[in-house]
Amino acid sequence: MESTRRLNVKKQTLDDAYAAPANFLEIDVINPITHGIGNKRYTDYEVRLRTNLPVFRVKESSVRRRYSDFEWLRGELERDSKIVVPPLPSKAWKRQLPFRSDDGIYDEDFIEDRRKGLEIFVNKIAGHPLAQNEKCLHMFLQDPVIDKNYVPGKMRNVQ
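Values in this document were obtained by computation on a predicted structure and should not be read as measured data. (Residues numbered from 1 in each chain as written. Predicted model: local features only at pLDDT ≥ 70, side-chain atom pairs only at ≥ 80, totals over all residues. Heavy atoms only, no water.)

K.L.:
It is not clear to me how the overall build of the protein should be interpreted in this structure. Could you clarify?
P.N.:
Along the protein, the regular secondary structure elements total 4 helices and 3 strands. What you see in the protein, going N to C, is helices and strands ordered as α-β-β-β-α-α-α. Out of the 159 residues in the protein, the part that is buried amounts to 37%. Here the contacts in the protein between residues at least 6 apart in sequence split such that 54% fall between residues at least 24 apart. When the accessible surface of the protein is split by element, carbon and sulfur atoms take 52% of a total near 10900 Å². (Helix = DSSP H or I, 4+ residues; strand = E, 2+ residues; numbered from the N terminus. Buried < 20%, exposed > 50% of the residue type's maximum accessible area, 1.4 Å probe, protein only. Contact = heavy atoms within 4.5 Å. Areas by Shrake-Rupley, 256 points an atom, 1.4 Å probe, with all protein chains shown as cover.)

K.L.:
Explain the pairing of strand β2 (residues 42-51) to me, please; I cannot follow it from the model alone.
P.N.:
Residues in a regular strand project their side chains so that they alternate between the two faces of the sheet. Burial runs high along β2: 7 of the 10 residues are buried. As paired strands, strand β1 (residues 25-35) and β2 are joined by 9 bridges and run antiparallel to one another. Each residue of the ladder has a partner; that of T34, found in β2, is T43. Hairpin connection from β1 to β2: 6 residues lie between these consecutive antiparallel strands, with G36 at a positive phi of about 80°. As defined by bridge partners, β2 adjoins strand β3 (residues 60-66) across 7 bridges and the pair is classed as antiparallel. Bridge pairing links L49 to S61 in β3. (Pairing = 2+ DSSP bridges.)

K.L.:
What is the right way to read the environment of D28 from this model?
P.N.:
Tracing the backbone shows D28 in strand β1. Taking the C-alpha atoms as reference, D28 lies 9.4 Å from S62; in sequence the two are 34 residues apart. Dropping the residues within four chain positions of it, D28 is found in contact with E46, V47, R48 and E119.

K.L.:
Whenever I open this one, the packing of aromatic side chains confuses me. Can you help?
P.N.:
Each aromatic ring pair is characterised by the separation of its centres together with the angle its planes make. The full count for this structure, using the stated rule, is 3 aromatic pairs. Measuring from centroid to centroid gives 4.9 Å for F70 and F140, while their planes differ by 70°, and the two rings are edge-to-face. With a gap of 70 residues between them, F70 in helix α2 (residues 67-80) and F140 in helix α4 (residues 135-142) connect regions that are remote in the sequence. On the accessibility criterion, F70 (0% relative accessible area) is buried. Overall, the relative accessible area of 0% leaves F140 in the buried class. An aromatic cluster is defined as three or more aromatic residues linked by ring pairs; in this entry it consists of F70, F121 and F140. (Phe/Tyr/Trp six-rings, centres within 6.5 Å; stacked < 30°, edge-to-face > 60°.)

K.L.:
Quick question: what am I supposed to make of the packing of helix α3 (residues 108-126) against α4 here?
P.N.:
At a minimum axis separation of 11 Å, α3 and α4 run at an interaxial angle of 135°. In this view, α3 runs oblique relative to α4, as classed from their interaxial angle. The handedness of the crossing between α3 and α4 comes out as left-handed. Seen from α3, the contacting residues are V122, I125 and A126; seen from α4, they are L137, F140 and L141. (Axes fitted to C-alpha atoms, helices over the stretch in contact; angles between N-to-C directions. Parallel < 35°, antiparallel > 145°, perpendicular 65-115°, else oblique. Left-handed = near helix turned anticlockwise from the far one by under 90°.)

K.L.:
Hey, could you run me through unusual backbone geometry in this one?
P.N.:
Note: most residues except glycine have negative phi, and most peptide bonds are trans. We note that N31 has phi near 50°; this positive angle belongs to a residue other than glycine. A residue is classified by how much of its surface remains accessible, and N31, at 40% relative accessible area, is partly exposed.

Given below as structure tokens:
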């Protein structure tokens, strides 16, 4: 009988249930906007961060990023970190061919699918404890402009 006895668990109060979680990290990739005309067009996305993790100096931020910025982040992490970096959503080369009957990479459904894929990608990376210390991730998530000439390295805990 001893092995099947229930654990004594503390009853949860309303304050416990509705209090801020101990540690949270929320990243949304939202609001895609296509800029420019002709072959100068590109789509960027708002990357919004909310966290209380001590490693992030800013607890809420919002920046705009292009697909190429996500590629840059992936390349930096592959080169400088010890983590297995997940894949990005596809580059969709066929959608970039001329004389298509649709909008190619500017088609609303494609942009939405890519947005979802980018959100999954950045959340997987940012949720990894080793990646959370990489300067490139902090720049990507929080700096309005990415300094591609930065010196790779780790963040110091800023408690």
